[in-house]
Amino acid sequence: MPALELRGIVKTFGGLRANDGVDLVVQWGEVHALLGENGAGKSTLMNVVYGLQSPDAGEIVYDGQPVVIRRPEDAIRRGIGMVHQHFMLIPPLTVAENVVLGHESARGGMMDLTAAGQMVSELSHRYGLEVDPRARVRDLSVGLQQRVEILKALYRGARLLILDEPTAVLTPQEIDRLFEIVSNLKAEGKAVIFITHKLAEVMRIADQITVMRRGKVVATTTPAESSPPDLARLMVGRPVLLRVEKGPAHPGDVLLEVEALKVEDDLHHPAVEGVDLQVRAGEILGVAGVEGNGQRELVEAIVGLRPAKGRVTIAGRDMSHATTHRRLKDLSHIPADRQQMGVILDMSIADNLVLPDFDRPPFAHWLIRALDSIRAFAARIIKEYDIRAERPEQRTGSLSGGNQQKVVVARELATDPKILIAAQPTRGVDVGSIEFIHRRIVEQRDRGLAVLLVSSELDEVLSLSDRVAVIYRGQIAAVLEGEAIDREHIGLLMAGAA
Ligand SMILES: Nc1ncnc2c1ncn2[C@@H]1O[C@H](COP(=O)(O)OP(=O)(O)O)[C@@H](O)[C@H]1O
Ligand SMILES: [Mg+2]
């Protein structure tokens, strides 16, 4: 009897068919990878199984029984657990409190914490989860918080566990530990649905692979019967170049330098604590680190969006006190948060593309906008950057995330900048667009662009960078080059353990 069988699941949002007749069979004792690009419909499908979304059509059969799951409590009662991309823990409470919270065995509102603590220890031990039940969640690393979420599901009796993009926030070592935990769950006969868009993970952990594209299942296969290029092609619908083709760098002058930089976060806690970095013409310096170690503040300080102490030198000039407007004349910036800072969703693609120069020739003469030049420029860029749009006048917000990001990247590279700050340049972007954006960045490097790449995707840092700086708690733990760029070593540095 399969653990879960989905038949013809349909879920629409307005006119969008997020799930378009999805069939899926998951066996007990199996790790089933649900693979697909951003927006393929993976989370929606699993939210249907977990009772967070109600399907428009289709049937769910759980352990041989047709079931109707209206809310998460229904799912939990049947033994279905889900760990979301964003954790739902309460930071000031302990691990044990978080685990039992909201569960019905918490008698009369009072939690039996001694018993809970014991059970948490026992479960933790049994599955190799190793978390201290008395620790406060706010003191735990992201990897440990994730284990608490898994414990919470197991405590509620989960036999089928859904993990939605669980590795997105983990270091390589934490990923190894998670994979061990998943193997232990499988060995106990549980079923695990592992949602991801990362091919290497699927090859490592999955027994079965279901690939989704645009709301539909396009293939069901196994790691033995497929390969990363096969899977990428299935996800995207065309062949994809997985490795960035890139020759050695030929670094020139230092174009961007920060010295003794100190920056505070929104709560005025130190976020960057004395960082020194240099980026030369014709090289890509990648900053690797677990998100939240000062990357955001570092970038904002360089761009002038956040006050900082220390010195920022851009193209040979001290710009420590210059405005953002001034700094952006000499550097391009792909911001981490595309929707807040990258594009204006209500504006047309054309207007977004000319944003930095909208009031200057060739896009304006005196105060009159030169609509023909704008349109011609936009049409050229749309073609060159393969932005999937019907017309330049189309509203940017109507594009997919990947295409919105291409608008930002195209705009930032179109001016032939000398320096590029690329923060999470491919976050939320599909595999096909990642390939494209990476190729453009490398091309520009070869023309002499100095690139500061900040990414929490270690694979991205490793495949693009000529040198790698590892940031941990606001400090640069090491800058590595050539042979010294070693994944394991970087993982340890990212965790503050080397
Ligand atoms: N609550 C929602 N309202 C409107 N659209 C949604 C909602 N949730 C998801 N979508 C859309 O459904 C599609 C599938 O999304 P999702 O299931 O989150 O994809 P995945 O998890 O594979 O990245 C996307 O186009 C997304 O924008
Ligand atoms: Mg998702």
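Every value quoted in this text rests on a predicted model; they were computed, and no experiment measured them.

Quick rundown of the overall build of the protein? Include the residues and the values.
A tally of regular secondary structure across the protein gives 17 helices and 22 strands. Taking 23 Å as the expected radius of gyration for a compact globule of 498 residues, we find that the protein reaches 24 Å, a close match to that expectation. Each of the 498 residues in the protein was classed as buried or not, and the buried ones make up 45%. Within the protein, counting contacts between residues at least 6 apart in sequence, those at least 24 apart form 69% of the total.

Account for the domain arrangement of the protein, with residues named and values stated.
Taken domain by domain, the protein consists of domain 1 (4-236) and domain 2 (254-346 + 395-494). Each of domain 1 and domain 2 was reduced to a C-alpha centroid, and the two centroids are 32 Å apart. When contributions to the side of domain 1 that touches domain 2 are tallied by element, the ones reaching two or more residues are α6 (172-187) and α8 (228-236). Per-element accounting of the side of domain 1 that touches domain 2 gives the leading share, three residues, to α8. When grouped by side-chain class, the residues that make up the side of domain 1 that touches domain 2 number six nonpolar, four polar and one charged.

How would you explain the site of ligand 1 if you had to name every residue and give the values?
The full set of residues close to ligand 1 is F13, L16, A18, G36, N38, G39, A40, G41, K42, S43 and T44. Broken down by secondary-structure element, the contributors of at least two residues to the shell around ligand 1 are β2 (16-26) and α1 (42-49). Broken down by element, the residue count for the shell around ligand 1 peaks at three residues, all from α1. Residues that form the shell around ligand 1 fall into these classes: four nonpolar, six polar and one charged.

Which residues make up helix α5 (residues 142-155), and what are the values?
Helix length check: α5, at 14 residues, gives a terminal C-alpha distance of 20 Å against a target of 20 Å (1.5 Å per residue), a fit within 8%. Extensive coverage of α5 is indicated by the burial of 11 of its 14 residues. Where α5 is buried, its residues meet β6 (80-83), α3 (95-100), α4 (113-126), β7 (160-164) and α6. One or two steps after α5, the chain reaches G157, where phi turns positive at roughly 85°.

Lay out the nonpolar core with the relevant residues and their values.
Core analysis: the largest hydrophobic core is formed by 142 residues, its most contacted members being A33, V49, V192, F194, V451, L453 and V470. Structurally, this core is a two-domain feature, drawing no fewer than three residues from each of domain 1 (4-236) and domain 2 (254-346 + 395-494). Setting aside anything within four residues of it in sequence, one finds L453 in contact with I284, L285, G286, V287, A422, V461, L464 and S465.

With reference to specific residues and values, describe the environment of Q405.
By the secondary structure assignment, Q405 is in helix α14 (residues 401-414). Separated by 270 residues in the primary sequence, Q405 and A135 place their C-alpha atoms 40 Å from one another. Leave out the neighbours within four places in its chain, and Q405 touches R338, V429 and S433.

I'd love a proper account of the sheet that holds strand β5 (residues 65-67), names of residues and values included.
Spatially, β2-β1-β4-β5 is the arrangement adopted by the four strands of the open sheet, whose pairing is antiparallel. The sheet is open, and its two edges are formed by β2 and β5, each paired on a single side. Taking the axes of each pair of neighbouring strands and ignoring which way they run, one obtains an average angle of 30° across the sheet. Summarising the sheet, strand β1 (residues 4-13) and strand β4 (residues 57-62) pair through five bridges and their orientation is antiparallel. If you follow V10 over to β4, its bridge partner there is A57.

For the pairing of β1, give the residues involved together with the corresponding values.
By the bridge criterion, eight bridges tie β1 to β2 in an arrangement that is antiparallel. The partner of T12 across the bridge, within β2, is R17. Hairpin connection from β1 to β2: two residues lie between these consecutive antiparallel strands, with G14 at a positive phi of about 60°.

For unusual backbone geometry, give the residues involved together with the corresponding values.
Looking along the chain, the bond that leaves P361 and enters P362 is cis, with omega of 5°. Within the fold, P362 resides in the loop between α12 (349-353) and β17 (364-365). Phi at D63 is positive, roughly 50°, even though this residue is not glycine. Mapping D63 onto the fold places it in the loop between β4 and β5.

Summarise the environment of V312; cite the residues concerned and give the values.
Note that V312 resides in strand β14 (residues 308-314). For the pair V312 and V236, spaced 76 residues apart in the sequence, the C-alpha separation amounts to 41 Å. When near neighbours in sequence (up to four residues on either side) are disregarded, V312 contacts V258, I302, M319 and S320.

Calculation criteria
- Residues numbered from 1 in each chain as written.
- Chains lettered and ligands numbered in written order.
- Predicted model: local features only at pLDDT ≥ 70, side-chain atom pairs only at ≥ 80, totals over all residues.
- Helix = DSSP H or I, 4+ residues; strand = E, 2+ residues; numbered from the N terminus.
- Rg over C-alpha atoms; globule rule 2.2 N^0.38 Å.
- Buried ≥ 20, exposed ≤ 12 C-beta atoms within 10 Å, placed from the backbone.
- Contact = placed C-beta atoms within 7 Å.
- Domains from an automatic or database assignment.
- Nonpolar A, V, L, I, M, F, W, Y, C, P; charged D, E, K, R; others polar.
- Near = placed C-beta within 6 Å.
- Expected span 1.5 Å × (residues − 1).
- Core = buried A, V, L, I, M, F, W, Y, C linked by C-beta atoms within 7 Å.
- Pairing = 2+ DSSP bridges.
- Axes fitted to C-alpha atoms, helices over the stretch in contact; angles between N-to-C directions.

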